[in-house]
Amino acid sequence: MKITPSILNVDFAELGAEIRRVPSADGIHLDIMDNHFVPNLTFGLPVVQSLRKVSTQPYDLHLMIEDADRWAPVYAAESGAETITFHVEASKAPIRLARELRKLKVRAAMGLKPATPIEPYADMIVELDQILIMSVEPGFGAQKFLDVVLPKIRRTREIIRNSGAQIAIQVDGGVSVETIGRCAAAGADVFVAGSAVYAATDPDAAVAELRKLASIACGC
Ligand code: DX5
Ligand code: ZN
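Notes on the structure in this doc start here. Owing to the predicted nature of the structure, the values given are computational and were not obtained by experimental measurement.

A look at the overall build of the protein chain
- A tally of regular secondary structure across the protein chain gives 8 helices and 8 strands.
- Relative to the 2.2 N^0.38 estimate, which gives 17 Å for 220 residues, the radius of gyration of the protein chain is 16 Å and therefore close to what a compact globule would have.
- Over its C-alpha atoms, taken along the principal directions, the protein chain stretches across nearly 45 × 40 × 30 Å.
- Taking as baseline every contact in the protein chain between residues at least 6 positions apart, the subset at least 24 positions apart corresponds to 63%.
- Carbon and sulfur atoms make up 53% of the accessible area of the protein chain, which totals about 9,600 Å².
- Across the protein chain, the centroid of the 23 positively charged side chains sits 4 Å from that of the 27 negatively charged ones.

This is the structure:
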């Protein structure tokens, strides 16, 4: 059970310091938005490269950008991040892209918006190290968790089990002490939490609490 806090809703003037507030996190989730794929704009490669220097934790880039086939390999080659997540809705050739990412020695991850089904991609998931299932419409932090994605998490876990591959399922959006148990019980094992971590007085303690609740719910 891994907790990867999102820094989307922190003070952007203090990004480095905010990352240092969660030393026990399993990774740091960075939301890259281009104002086209989603109606919001955050930061790009130069900021990620600077942030890379403030921590040795694994970085996980969530690319909410158009033309993923062109840009995801650039982030893979130049950001220093361990995991690169592209959105399948923004890729014309997800198999080629996943292979290209792995060739660049990063973990290849594919994101699905809440209404995007997993079934059309069942045969290609072996090309991936992680599947990100959005549990809010991408673009903003602190939105309400969409329970309708839980059956998709269960079906994705089943598809992964049948494939025989080791693939993580990351849930992103509205993950909190109220919702994390349901996600873990459905088969997720990596959890993005933005507001649930950073609204807490002690963000690092919030990470530990979320991890504990996820472990209890999955019985692992
Ligand atoms: C939303 C982002 C999420 C967001 C999560 O589009 O992808 O990573 O920051 O924030 P919370 O946990 O507050 O929903
Ligand atoms: Zn995200």
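A look at the coordination of the zinc ion (ligand 2)
- Looking at the zinc ion (ligand 2), the protein donor atoms are His29 (NE2), Asp31 (OD), His62 (ND1) and Asp172 (OD), and they sit 2.1 to 2.3 Å from it.
- When the donor residues of the zinc ion (ligand 2) are listed from N- to C-terminus, their spacing reads H-x1-D-x30-H-x109-D. Residue histidine 62 is located in strand β3 (residues 59-64), and its partner aspartate 172 is located in strand β7 (residues 168-172); the two are separated by 110 residues in the primary sequence.

Remarks on the environment of valine 190
- Position of valine 190 among the secondary structure elements: in strand β8 (residues 190-193).
- With relative accessibility at 8%, the residue valine 190 sits in the buried group.
- With 67 residues separating them in the primary sequence, valine 190 and aspartate 123 have C-alpha atoms 22 Å apart.
- Beyond its immediate stretch of four places on either side in the chain, valine 190 contacts Lys2, Thr4, Gln130, Ala168, Ile169, Gln170 and Val171.

Brief notes about the state of the cysteines
- One pass over the full model with this rule turns up 1 disulfide.
- The side chain of cysteine 218 participates in a disulfide bridge whose partner is cysteine 220; the two sulfur atoms lie 1.8 Å from each other. Residues cysteine 218 and cysteine 220 are joined by a disulfide whose S-S torsion is about -115 degrees; by sign, that bridge is left-handed.
- Cysteine 218 provides the cysteine sulfur closest to cysteine 183, a residue in no disulfide bond, and the two sulfurs are 12 Å apart.
- A residue is classified by how much of its surface remains accessible, and cysteine 183, at 0% relative accessible area, is buried.

Overview of the site of ligand 1
- Neighbouring residues of ligand 1: 20 residues in total, closest Gly139, Ala142, Asp172, Gly194 and Ser195.
- Contacts to ligand 1 include glycine 139, whose backbone N or O atom sits 2.7 Å from an oxygen atom.
- Between ligand 1 and the protein, one listed contact pairs an oxygen atom with a backbone N or O atom of glycine 174 at 2.8 Å.
- In the complex, 99% of the free accessible area of ligand 1, which totals 380 Å², lies under the protein chains.
- Contributions of two or more residues to the shell around ligand 1 are made by β2 (28-33), β3 and β8.
- Among the elements that take part in the shell around ligand 1, β2 stands out by supplying 3 residues, more than any other.
- For the shell around ligand 1, the class distribution of residues is 9 nonpolar, 9 polar and 2 charged.

Definitions and limits used
Residues numbered from 1 in each chain as written. Chains lettered and ligands numbered in written order. Predicted model: local features only at pLDDT ≥ 70, side-chain atom pairs only at ≥ 80, totals over all residues. Heavy atoms only, no water. Helix = DSSP H or I, 4+ residues; strand = E, 2+ residues; numbered from the N terminus. Rg over C-alpha atoms; globule rule 2.2 N^0.38 Å. Contact = heavy atoms within 4.5 Å. Areas by Shrake-Rupley, 256 points an atom, 1.4 Å probe, with all protein chains shown as cover. Lys, Arg positive; Asp, Glu negative; His and termini not counted. Charge placed at Lys NZ, Arg CZ, Asp CG, Glu CD. Donors = N, O, S within 2.8 Å, 3.2 Å for Na, K, Ca; no water. Buried < 20%, exposed > 50% of the residue type's maximum accessible area, 1.4 Å probe, protein only. Disulfide = S-S within 2.5 Å. Near = heavy atom within 4 Å. Polar contact = N/O pair within 3.5 Å; in protein donor to acceptor, adjacent residues only side chain to side chain. Nonpolar A, V, L, I, M, F, W, Y, C, P; charged D, E, K, R; others polar.

Keep in mind these values describe shape, not function.
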